[in-house]
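Spelled out from the first residue to the last, the chains are:
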Amino acid sequence: MLPYQNLQEAEYALGRNLTITETLWFKYSATKSDYILYCHNTFFLFIFYTVLPLPYVFIELMRSKNIDDKFKIQHKIKNSVSDMLNCYKKVLVTFVFAVGPLQIFSFPVIQMIGIRTSLPLPSASEICFQLLAYVLLEDYANYWLHRLLHFKWGYDKIHRVHHEYTAPIGFAAPYAHWAEIIILGLASFIGPVIVPGHMVTFWLWMIVRQMEAVETHSGYDFPWSPLKYIPFYGGAVYHDYHHYVGEKSQSNFASVFTYCDTIYGTNKGYRWYQKEVYEKAREKLKQK
Ligand SMILES: [Zn+2]
Ligand SMILES: [Zn+2]
């Protein structure tokens, strides 16, 4: 809740006029508690998880009429509406019983690390710097946690669920055992703990993380994707290979970038596969 009674008081405290976005933030958040503002995060996760995979669902359904097969990474796999809806429904159950409580009970941590809701709002450069830090820290933590989940006990008891999809789809991005949702969810908090920022930045971080997860599980490789220009970005083909190999996979553990796998030598098999199998198969499809 903001410590100002009205706009004038906020402007007096800041010593300047509020910007348009700060005025909007004041009007929206002035009477809401920090807890309620934090809980918005659960709502955003639900909305973005529901909406972001929809373009891929549409493309997948068009494929049943033999359109755009050349962009599907595992082009022999087709998913029906009921397949995708089934996945969505299972994720929503996990969402209610794992993500919801995780979000609610993690609020004391948010307070402790000092995620602020007050004015002024962060600048664009502050948001960009913090999001970059969050992505890098989450990627590094996720690499090791994911690699640990591939040891026999972790795989059999927890991670096997996420690998039920050997050809992932957008809706399968958070399809996992509840324990995995919590373990990998904790990796998302490392950035905000080390570099705490504004609540708006925290919301944006969770949305960016969701967008990245849906894209890497989309099952599609679009040559015009602007993400291909991000240095060391793994992307859909990279993570698809991890699912394709399945249980025995000891490759491509990182969630966003490729550098951890390269440094620790866990993408050699993928490099060979990409050059000798995947690229050649793409060329054949293009010629059809
Ligand atoms: Zn895995
Ligand atoms: Zn995955």
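Residues numbered from 1 in each chain as written. Chains lettered and ligands numbered in written order. Predicted model: local features only at pLDDT ≥ 70, side-chain atom pairs only at ≥ 80, totals over all residues.

Under an unreviewed UniProt entry, the name given to the protein chain is Fatty acid hydroxylase domain-containing protein, and the organism recorded is Penstemon smallii. The annotation that UniProt attaches to the protein chain under Sequence similarities (unreviewed entry) is "Belongs to the sterol desaturase family." Here is the UniProt Subcellular location (unreviewed entry) comment for the protein chain, exactly as written: "Membrane". (UniProt positions renumbered as here; feature names shortened; annotations may be inferred.)

Draft legend 1. Representation of the overall build of the protein chain in the model. Broken down by element type, the protein chain carries 13 helices and zero strands. Ordered by position from the N terminus, the helices and strands of the protein chain form the series α-α-α-α-α-α-α-α-α-α-α-α-α. For the protein chain, the C-alpha radius of gyration of 21 Å lies close to 19 Å, the compact-globule estimate for 288 residues. Each principal axis of the C-alpha distribution contributes one length, and for the protein chain these read about 65 × 40 × 35 Å. (Helix = DSSP H or I, 4+ residues; strand = E, 2+ residues; numbered from the N terminus. Rg over C-alpha atoms; globule rule 2.2 N^0.38 Å.)

Draft legend 2. Structural detail: the UniProt feature "domain: Fatty acid hydroxylase" (unreviewed entry) in the protein chain. Here the UniProt feature "domain: Fatty acid hydroxylase" (unreviewed entry) sits at residues 132–266. Within residues 132–266, the helical portion is 57% and the strand portion 0%, while the C-alpha atoms at the span's ends are 24 Å from each other.

Draft legend 3. The environment of Trp144, seen in detail. Tracing the sequence through the fold places Trp144 in helix α7 (residues 124–149). Sequence-wise, Trp144 and Tyr12 are 132 residues apart; in three dimensions their C-alpha atoms are separated by 48 Å.

Draft legend 4. Expanded view of the confidence of the model for the protein chain. Per-residue confidence for the protein chain gives a mean pLDDT of 90; residues scoring 70 or more make up 97%. Model confidence for the protein chain, summarised as mean pLDDT per element, is weakest for helix α1 (residues 7–14) at 81 and strongest for α7 at 97. (pLDDT = per-residue confidence, 0-100.)

Draft legend 5. View of helix α10 (residues 199–216). Look at α10: 26 Å from first C-alpha to last across 18 residues, which is about the 26 Å you get at 1.5 Å a residue. Buried within α10 we find Met199, Thr201, Phe202, Trp205, Met206, Arg209, Gln210, Glu212, Ala213, Val214, Glu215 and Thr216. On its buried face, α10 sits against α3 (34–51), α7, α9 (178–194) and α11 (235–245). (Expected span 1.5 Å × (residues − 1). Buried ≥ 20, exposed ≤ 12 C-beta atoms within 10 Å, placed from the backbone. Contact = placed C-beta atoms within 7 Å.)

Draft legend 6. Main features of the domain arrangement of the protein chain. Domains assigned within the protein chain are domain 1 (1–31) and domain 2 (34–287). Taken over C-alpha atoms, the centre of domain 1 sits 36 Å from the centre of domain 2. At the interface, ten residues of domain 1 touch seven residues of domain 2. Of all the secondary-structure elements, those providing two or more residues to the side of domain 1 that touches domain 2 are α1 and α2 (20–29). Per-element accounting of the side of domain 1 that touches domain 2 gives the leading share, five residues, to α2. Class assignment of the residues belonging to the side of domain 1 that touches domain 2 gives a composition of seven nonpolar, two polar and one charged. (Domains from an automatic or database assignment. Nonpolar A, V, L, I, M, F, W, Y, C, P; charged D, E, K, R; others polar.)

Draft legend 7. Local environment of the packing of helix α5 (residues 81–105) against α9. Relative orientation of the contacting elements α5 and α9 amounts to 30°, with a least axis distance of 9 Å. Taken together, the axes of α5 and α9 lie roughly parallel to each other. As for how α5 packs across α9, the hand of that crossing is right-handed. For the pair formed by α5 and α9, the contact residues are Thr94, Phe97, Ala98, Val99 and Leu102 on the first element and Trp178, Ile181, Ile182 and Gly185 on the second. Looking at the contact of α5 with α9, its residues break down into seven nonpolar, two polar and no charged. (Axes fitted to C-alpha atoms, helices over the stretch in contact; angles between N-to-C directions. Parallel < 35°, antiparallel > 145°, perpendicular 65-115°, else oblique. Left-handed = near helix turned anticlockwise from the far one by under 90°.)

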